[in-house]
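Examination of the molecular architecture
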Amino acid sequence: MFVLQAAVVKGRGGIATAVAHYERMFAAVGVRSAVMFRGPSLDALRGEGFDVIEAPPLATSPLAGVLPLTPSLRDEIAKRAKGEPIVALVHSDLTLPALRRVAPNALFVTPCHSDKMKHKAHVDLVVALNADQAELARARLPGVRVAMLGNPYVAPEPAPLAPPGAPRINFVARFTDIKDPVTLVKAAALINSTPKPEFRFIGAGPLEAELHAAAASADAPITFPGWVTAPFSAFHGNDILVLPSSWEGLPYLLQEALDHGVPIIAAGNSGNRAALADGAFGALFPFGDAQALAAAIDA
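Figured I'd write up the structure that's included with this text. (Residues numbered from 1 in each chain as written. Predicted model: local features only at pLDDT ≥ 70, side-chain atom pairs only at ≥ 80, totals over all residues. Heavy atoms only, no water.)

Applying the stated criterion to the full structure yields six aromatic pairs. Here Phe201 and Phe224 contribute two aromatic rings whose centre-to-centre distance is 5.5 Å and whose plane-to-plane angle is 25 degrees, an arrangement assigned as stacked. Of this pair, Phe201 sits in strand E9 (residues 198-202) while Phe224 sits in strand E10 (residues 222-226); the two residues are 23 residues apart in sequence, bridging distant segments of the chain. Taking the relative accessible area as the measure of exposure, Phe201 reaches 0% and is therefore buried. Ring centres of Phe232 and Phe235 lie 4.8 Å apart, and the angle between their planes is 50 degrees; this geometry places the pair in the tilted category. An identical accessibility class is assigned to Phe232 and Phe235; each is buried. (Phe/Tyr/Trp six-rings, centres within 6.5 Å; stacked < 30°, edge-to-face > 60°. Helix = DSSP H or I, 4+ residues; strand = E, 2+ residues; numbered from the N terminus. Buried < 20%, exposed > 50% of the residue type's maximum accessible area, 1.4 Å probe, protein only.)

What follows is the structure in structure tokens.
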């Protein structure tokens with residue numbers, strides 16, 4: 001069996017992280033694989049030694065099934081498959097028409113990285129990451145096989161955290177509405193402890209200007225170190241991770257934080273509850289409730 005992962009993304013982290021963990025899993029169990037990828041993390045994936053095929057610009061076009069693609073793409077895939085059955089693990093659903101054209105006999109599998117099911121109706125297997133998501137997929141995709149398998153978390157031995165410093169609250173994700181960093185800024189303004197802990201927002205994204213404006217009026221020490229490829233390498237023993245997101249499948253961020261022994265506070269969506277065993281391994285708060293988040297931080 002040969003596995004071809006497919007992902008075309010605009011931002012760093014997220015799906016690129018999933019691709020990397022899947023590649024490590026395949027290597028660990030002796031399954032040959034490659035990645036058809038386009039996005040900012042292309043060089044990082046190659047830097048880990050993964051076999052990466054740069055996805056053609058038309059890979060996500062709705063007309064990819066009829067328009068000319070990179071002539072060598074089919075040959076690149078066939079050369080790697082060596083005549084073995086192909087499993088196409090499709091992280092970006094919009095690549096399906098292109099992949100069906102260049103690998104028509106492949107078995108198509110797509111993980112649920114969001115709650116959007118529109119393009120998953122014609123695949124062989126949908127992989128759900130938590131129980132609520134599996135139920136949603138079965139309801140929206142009658143007749144499609146759905147399996148709740150979760151995310152393969154395969155990482156190197158975590159480096160120890162730096163010695164404890166002053167208490168610090170950390171957001172680590174893209175600055176988007178789904179990740180909801182704004183609620184953490186609001187919570188920072190409500191913290192009762194004196195002095196207030198530092199709040200770090202590690203990442204980047206479309207809400208950056210809004211966050212900087214909100215931070216300026218929050219009366220709290222808030223810093224923006226930018227995008228950090230290995231954020232836990234910059235954590236110390238008194239760092240706390242906050243993930244206030246409205247939706248998650250089964251977040252690698254929380255799995256990695258647990259791996260490093262970092263305390264966690266997270267919004268109580270299905271994916272976060274699954275990662276934290278309904279609060280056994282971290283504190284949960286109602287999504288969007290800045291007052292509840294502030295109380296959890298104070299505690």
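The seven strands are arranged E3-E2-E1-E4-E5-E6-E7 in an open sheet whose pairing can be described as parallel. Edge strands, defined here as strands with exactly one partner in the open sheet, are strand E3 (52-54) and strand E7 (146-148). Strand-to-strand twist of the sheet, defined as the mean angle between neighbouring strand axes without regard to direction, takes the value 25 degrees. Where strand E1 (residues 2-8) and strand E4 (residues 86-90) come together, five bridges link them in parallel fashion. Following the sheet pairing, Val3 is matched in E4 by Val87. Along the sheet, helix H5 (residues 131-140) makes contact with strand E6 (125-128) and E7, crossing E7 at roughly 175 degrees. (Pairing = 2+ DSSP bridges. Axes fitted to C-alpha atoms, helices over the stretch in contact; angles between N-to-C directions. Contact = heavy atoms within 4.5 Å.)

Taken as a whole and assessed by the stated rule, the structure comprises 11 salt bridges. Two residues, Arg24 and Glu48, come together in a salt bridge whose shortest N-O distance is 2.9 Å. Taken together, the positions of Arg24 in helix H1 (residues 15-28) and Glu48 in the loop between helix H2 (42-47) and E3 put the pair 24 residues apart, joining distant regions of the chain. Overall, Glu48 belongs to the partly exposed group, its relative accessible area being 43%. As a salt-bridge pair, Asp93 and Lys120 come within 3.1 Å of each other at their nearest N and O atoms. (Salt bridge = Lys/Arg side-chain N within 4 Å of Asp/Glu carboxyl O.)

So, about the pairing of strand E5 (residues 107-111). Burial within E5 is extensive, with four of its five residues counted as buried. As defined by bridge partners, E4 adjoins E5 across three bridges and the pair is classed as parallel. Note on E5: the bridge partner recorded for Val87 is Leu107.

One can find Asn130 in the loop between E6 and H5. Ignoring any residue separated from it by four or fewer positions in sequence, one finds Asn130 in contact with Met148, Glu248, Gly249, Ser270, Gly271 and Ala274.

The method is simple in principle: a probe with the dimensions of a water molecule rolls over the atoms, and the space it marks as empty is what remains. The computed volume of the second largest pocket comes to approximately 240 Å³. Together, 15 residues line the second largest pocket, and Tyr22, Phe26, Leu89, Val109 and Leu149 are the ones closest to its centre. Of all the secondary-structure elements, those providing two or more residues to the lining of the second largest pocket are H1, E4, E5 and E6. Of all the elements, H1 adds the most residues to the lining of the second largest pocket, at three residues. Its residues assigned to classes, the lining of the second largest pocket comprises 14 nonpolar, one polar and no charged. (1 Å grid on protein atoms, 1.4 Å probe; cavity = no way out; pocket = protein on both sides within 12 Å on 5 of 7 lines; lining within 4 Å. Points joined across faces, edges and corners; volume = space filled by probe spheres on them. Nonpolar A, V, L, I, M, F, W, Y, C, P; charged D, E, K, R; others polar.)

It is worth spelling out the sheet that holds strand E12 (residues 264-267) at this point. An order of E10-E9-E8-E11-E12-E13 is seen for the six strands of this open sheet, with the pairing classed as parallel. Whereas interior strands pair on both sides, the edge strands pair on one side only; in this sheet they are E10 and strand E13 (283-285). Averaged over all neighbouring strand pairs, the angle between strand axes comes to 25 degrees, with direction disregarded. One ladder, built from three bridges, connects strand E8 (residues 168-172) with strand E11 (residues 239-243); its direction is parallel. In the sheet register, Arg168 faces E11, and the bridge partner there is Asp239. The strands touched by helix H10 (residues 290-298) within the sheet are E8, E9, E11, E12 and E13, with E12 carrying the most contacts at an inclination of about 170 degrees.

Tracing the chain through its elements places Lys118 in the loop between E5 and E6. Take Lys118: its relative accessible area is 72%, and that puts it in the exposed class. Along the sequence, Lys118 and Phe285 sit 167 residues apart, while their C-alpha atoms lie 30 Å from each other.

What follows deals with the environment of Glu48. Sequence separation between Glu48 and Gly288 is 240 residues; the distance between their C-alpha atoms is 37 Å. Not counting residues up to four positions away in its chain, the partners in contact with Glu48 are Ala20 and Arg24.

None of this, on its own, says anything about what the molecule does.
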